[in-house]
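One letter stands for each residue in the lines below.
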Amino acid sequence: MEFVSCKWVVLAFLLFSRAHSVLAVDGLNGDTKVRGVNLGGWLVLEGWIKPSLFDGIPNGDMLDGTQVQLKSVSLNKYVSAQDGGGQSVTVDRDAPSSWETFRLWRLSESDFHFRTLKGQFLSCDGVGASVTATSELPSARETFHIERNDNNRVHIKLSSGTYLQASSGNELTADYAGVPGWDDNAATFELIIVANTLHGDYQLANGYGPEKAKEVLDKHRSTYITQEDFQFLYQHGINTVRIPVGWWIAEDPNPPAPYVGGSLASLDDAFSWAQAYSIKCIIDLHAAPGSQNGMEHSSSRDGSTDWPTSSAYISQSLDVIDFLASRYGNHPALLGIELLNEPSASGVSLDILVSYYSEGYQIVRNHSSTAYVIMCQRIGNADPLELYHASIGLSNVVVDLHYYNLFDNFFANMSVSENIQFIHKSRQTQVESLNAANGPLVFIGEWVNEWNVTNASQMNYQEFGRAQLDVYNAASFGWAYWTLKNDRNHWDLEWNIKNNYLQLGDKSLPARGYGYLGAGCSLRKQIQSYFRLFALACGYFYLQQIL
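Parameters and conventions
- Each chain has its residues counted from 1, running along the sequence as written.
- In keeping with the predicted nature of the model, local features appear solely for residues at pLDDT of at least 70, side-chain atom pairs appear and are counted solely at 80 or more, and the whole-chain, interface and lining totals rest on all residues.
- Here the side-chain values reflect all heavy atoms present in the structure, with hydrogen atoms and water set aside.
- UniProt positions are given in the numbering used here, feature names are shortened, and annotations may be inferred rather than shown by experiment.
- Numbering of helices and strands runs from the N terminus; a helix is a DSSP stretch of H or I covering at least four residues, while a strand is a stretch of E covering at least two.
- Here, residues are in contact when the closest pair of their heavy atoms is within 4.5 Å.
- Computed with the Shrake-Rupley method and a 1.4 Å probe, the accessible areas treat only the protein chains shown as cover for residues.
- Definition of a polar contact: a pair of N or O atoms within 3.5 Å, with one able to donate and the other able to accept a hydrogen when the atoms are protein atoms, and with sequence-neighbouring residues admitted only if both atoms are side-chain atoms.
- At least two bridges found by DSSP between two strands are what make those strands a pair.
- Here, axes are lines fitted to C-alpha atoms. For helices the fit covers the stretch in contact, and angles between N-to-C directions go from 0 to 180 degrees.
- Expected span of a helix: the number of residues minus one, times 1.5 Å.
- Summary of the burial criterion: residues with accessible area below 20% of their type's maximum are buried, those above 50% are exposed, and those between are partly exposed, where the area comes from a 1.4 Å probe applied to protein chains only.
- The arc in question is traced by the directions running from the helix axis to the C-beta atoms.
- To form a nonpolar core, buried Ala, Val, Leu, Ile, Met, Phe, Trp, Tyr and Cys residues must be joined to one another through side-chain atoms within 4.5 Å.

Under the annotation held in an unreviewed UniProt entry, the protein chain carries the name Mannan endo-1,4-beta-mannosidase and is attributed to Papaver nudicaule. Taken directly from UniProt, the Sequence similarities (unreviewed entry) text for the protein chain runs: "Belongs to the glycosyl hydrolase 5 (cellulase A) family."

> Just to check I follow, could you spell out the overall build of the protein chain for this structure?
Each helix and strand in the protein chain was counted, giving twelve helices and 20 strands. In the protein chain, once contacts between residues fewer than 6 apart in sequence are set aside, the share between residues at least 24 apart is 71%. A total of about 23,200 Å² of accessible surface is found on the protein chain, and carbon and sulfur atoms cover 51% of it.

> It is not clear to me how the environment of Q458 should be interpreted in this structure. Could you clarify?
Tracing the backbone through its elements, the reader meets Q458 in helix α10 (residues 458-472). Separated by 43 residues in sequence, Q458 and Y501 place their C-alpha atoms 5.8 Å apart. Not counting the four nearest positions on each side in its chain, Q458 is found in contact with N499, N500 and Y501.

> Explain unusual backbone geometry to me, please; I cannot follow it from the model alone.
Most of the time, phi is negative for any residue but glycine, and the peptide bond is trans. A cis amide bond links D252 to the next residue, P253, at an omega of 15°. Along the polypeptide, P253 turns up in the loop between β14 (240-246) and α5 (263-276). Cis geometry marks the peptide bond from W482 to T483; its omega dihedral reads 5°. Within the secondary structure, T483 is located in the loop between β20 (478-481) and α11 (493-498). The backbone of S278 shows a phi angle near 55°, a positive value even though the residue is not glycine. Position of S278 relative to the elements: it lies in the loop between α5 and β15 (280-287). Phi at N455 is positive, roughly 60°, even though this residue is not glycine. Within the secondary structure, N455 is located in the loop between β19 (441-447) and α10.

> Looking at this structure, how should I read the environment of H297?
Position of H297 among the secondary structure elements: in the loop between β15 and α6 (311-328). As a C-alpha pair, H297 and G40 span 257 residues in sequence and 9.3 Å in three-dimensional space. Non-local contacts of H297, meaning those with residues more than four positions away in its chain, are made with V44, L45, E46, H286, A287, N341 and E342. A polar contact of 3.4 Å, which involves the side chain of H297, links it to the side chain of E342.

> What should I look at first to understand the sheet that holds strand β16 (residues 334-338) in this one?
In sheet architecture, strand pairing relies on hydrogen bonds along the backbone and comes in two forms, parallel and antiparallel. The strand order around the closed barrel built from eight strands is β1-β14-β15-β16-β17-β18-β19-β20, with neighbouring strands paired in parallel fashion. Averaged over all adjacent pairs, the angle separating strand axes in this sheet is 30°, with direction ignored. As paired strands, strand β1 (residues 34-38) and β14 are joined by three bridges and run parallel to one another. Residue pairing across strands places V37 opposite V241, the latter belonging to β14. α10 contacts β18 (397-403), β19 and β20 of the sheet and is inclined by roughly 160° relative to β19.

> Sorry if this is basic, but what is going on with helix α3 (residues 210-223) here?
Structural remark: α-helix, 3.6 residues per turn; residues separated by three or four positions point the same way. Spanning 14 residues, α3 covers 20 Å between terminal C-alpha atoms, matching the ideal 20 Å at 1.5 Å per step. Among the residues of α3, A213, V216, L217, H220 and R221 are the ones counted as buried. Buried residues along α3 cover an arc of 125° about the axis, so they all sit on one side. Those residues of α3 that are exposed and aimed more than 90 degrees away from the buried face are E211 and K219. Of the surrounding secondary structure, the elements contacted by the buried residues of α3 are α2 (201-208) and α5.

> Would you mind going over the environment of D92 with me for this structure?
Relative to the helices and strands, D92 is located in strand β4 (residues 89-93). By relative accessible area, D92 is classed as partly exposed at 32%. The sequence separation of D92 and S72 amounts to 20 residues, and the corresponding C-alpha distance is 9.3 Å. If we skip the residues at most four places from it in the chain, D92 touches K77, Y78, S80, Q82 and N170. Here the side chain of D92 touches T90 through a polar contact of 2.8 Å, side chain to side chain.

> Hey, could you run me through the nonpolar core in this one?
One broad trend across soluble globular proteins is that nonpolar side chains are buried collectively. F230, I243, L267, Y356, Y357 and I444 are the most contacted members of the largest nonpolar core, which totals 97 residues. Contacts of L267, omitting those with residues within four sequence positions, involve L43, I243, V245, I249, I283, L324 and Y328. One finds L122, A133, V154 and L172 within the second-largest nonpolar core, a separate group that totals 27 residues.

Okay, here's the thing in structure tokens:
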């Protein structure tokens, strides 16, 4: 009877040991899960995080991707690309819509291409010709010089110096005689800026030009995130940083225009600082060539999502993953590589994404058998379970979910209690379901202690943050806050901690100097190791008894 009891004790210890090895994320120096933060706005720009970076750009409201409309002051009609592009251009619309809205491609502060809804460019063959919208690729014929006054009136002319005008036949023609004034003549148009929301790496670099952009970005990269930030994170129990990078990092120090080199050296610094403070790094391909979601943080030039339409872009992205995995695959600070951030459900099909993720997984495995391979769910109308059904990879695979009580009308009028209830019911149900799905680990790779509640108190924010942490702490891989620094206080983890709006719990640690590399194992990890050793010893003893 005692022998049977011993058998069950041994089995219990073996199961206990196995459970801890499964539930613990490997390599976290004593912690079982990721408690992380994103270094957003550093190596991939998002203008809303630090708007002042864009302040010095001349004609800064006419960056790449700015949406504009043109209204003839003589005809009181809007310029229109018929059928949204691919046909003629007229000046005959009383009210503007998508056909009358053009996206700018900036060549200089005064020279531009105009792109239509369907992607064609306005084009003119020369003096006396009419403007059409049939060109698929821009060249000199698609380049227009803009003269602008303080009242947002513009003249548009060709490189030859001839001005466009709205003809009496409602065409846009290159035949205005002479130099127009700013009165109500046929060559004068009102410029209406519909949207100027793209402020990413492309807009900054192309807006400033190569020399000034390098000056701005060198200063930003060297001061925005520093060694002291990693010490702060260590002291407050943050064990991981998720670092967004752009595809151009693989061609550093001389990436293609307009991008500016230097981000690779900054990433190297981050790995050194992370290793010194026993912090792990997740490299996140945030911006893929062609853009995977049309947003500024994927460095889209004009809001288009071109990544899934080109096998060359997908192949280039895999090359970037190979570059990152080969460079950092054996670095002691590497925890994982995220293959792509926030692919758009409306623009990227599941088949294309699964194929890309599968190839990316194999590429990472060519360089590391242990690095976690992280796959972000599609944003928009997509269920993260679709990635669990895809069977991508055999080991150390993670699915990344991004949780915001924002960006959707569903959250627009929620009260404090309704927001918290949504976290405890909807979010918690999904996390528990995915945890139990017998597939990849669950990572809440982006979340923030911000909402649409107006006049919320400090206590309200603490309660909202506590609810999120209660739920996201249960995710099998862990979580990462968006972001460490931000001009908007509640998006700034450092501000939240210092001002006690977000209470992370009892993970705070004493300060230690730069270069400290020892004592990485916490008491909990030591105890887990002792349990495993004890279980193995008991197992050995049991086997000796029955053999």
